[in-house]
Amino acid sequence: SVASVANVADESAQHLRLSGKIFEGYNDGYQVAAPVGSFVPNGYGLYDMAGNVWEWCHDWYGDYSSGRSTDPEGHPSGANRVGRGGSWGSVGTSNFRTAYRDWRQPSFPDIWLSFRCAKTP
């Protein structure tokens, strides 16, 4: 269930008047972003891949080539970077799929967007 794995637009964020439908009947306890590791990790042991804040990606935003591919590379240049995973202010379940891509202008500050620091064990 969403309740155990993600910080989403829920009852605790209702007073923020987000556009769209919140997750009614669920309260993750955080009005905005939650501390890293507040929810259970996914099957790969990674925390906060869905919800919390959009993940700022290196790829430039654009259409992928047609057909199936694994780990497709983004365009070599562009005006917007890829964001993935949704945020605490996202509404609608499709935004929380890690495969879902949105775009952000690199020069535009955004409280729903951050980056992921990762290290190998």
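About the thresholds
- Residues numbered from 1 in each chain as written.
- Predicted model: local features only at pLDDT ≥ 70, side-chain atom pairs only at ≥ 80, totals over all residues.
- Heavy atoms only, no water.
- Helix = DSSP H or I, 4+ residues; strand = E, 2+ residues; numbered from the N terminus.
- Buried < 20%, exposed > 50% of the residue type's maximum accessible area, 1.4 Å probe, protein only.
- Contact = heavy atoms within 4.5 Å.
- Areas by Shrake-Rupley, 256 points an atom, 1.4 Å probe, with all protein chains shown as cover.
- 1 Å grid on protein atoms, 1.4 Å probe; cavity = no way out; pocket = protein on both sides within 12 Å on 5 of 7 lines; lining within 4 Å.
- Points joined across faces, edges and corners; volume = space filled by probe spheres on them.
- Nonpolar A, V, L, I, M, F, W, Y, C, P; charged D, E, K, R; others polar.
- pLDDT = per-residue confidence, 0-100.
- Salt bridge = Lys/Arg side-chain N within 4 Å of Asp/Glu carboxyl O.
- Pairing = 2+ DSSP bridges.

**Observations concerning the overall build of the protein chain**
Working step 1: Regarding its fold elements, the protein chain presents zero helices and four strands.
Working step 2: Put simply, the protein chain runs from its N terminus to its C terminus through helices and strands in the order β-β-β-β.
Working step 3: With 121 residues in all, the protein chain has 32% of them scored as buried.
Working step 4: Counting only contacts in the protein chain whose residues sit at least 6 apart along the sequence, the fraction spanning at least 24 positions is 51%.
Working step 5: When the accessible surface of the protein chain is totalled, it reaches about 8100 Å², and 54% of it is carbon and sulfur.

**Some thoughts on the layout of surface pockets**
Working step 1: Approximately 250 Å³ is the volume found for the largest pocket.
Working step 2: If you go around the largest pocket, you meet 14 residues; those closest to its centre are Val36, Asp48, Val53, Phe115 and Arg116.
Working step 3: Residue composition of the lining of the largest pocket, grouped by class: seven nonpolar, three polar and four charged.

**Considering the confidence of the model for the protein chain**
Where the model shows low pLDDT, its predicted coordinates should not be examined in detail.
Working step 1: Per-residue pLDDT for the protein chain has a mean of 79; in total, 89% of the residues score no lower than 70.
Working step 2: Element-level mean pLDDT values for the protein chain span from 86 in strand 4 (residues 113–114) up to 89 in strand 2 (residues 81–84).

**Concerning the pattern of salt bridges**
Working step 1: According to the stated counting rule, one finds two salt bridges in the structure shown.
Working step 2: Salt-bridge contacts for Asp102 lead to Arg104; the nearest nitrogen and oxygen are separated by 3.0 Å.
Working step 3: Measuring nitrogen to oxygen at the nearest pair gives 2.8 Å for the salt bridge that ties Arg104 to Asp110.
Working step 4: Bridged by salt links that share partners, the residues Asp102, Arg104 and Asp110 form one connected network.

**Considering the pairing of strand 2**
Working step 1: Both strand 1 (residues 54–60) and strand 2 contribute to a ladder of three bridges, which runs antiparallel. Within the sheet, the bridge partner assigned to Trp60 lies in strand 2 and is Arg81.
Working step 2: Sheet analysis places strand 2 next to strand 3 (residues 101–104), joined by four bridges and oriented antiparallel. Bridge assignment links Arg84 to a residue of strand 3, and that residue is Arg101.

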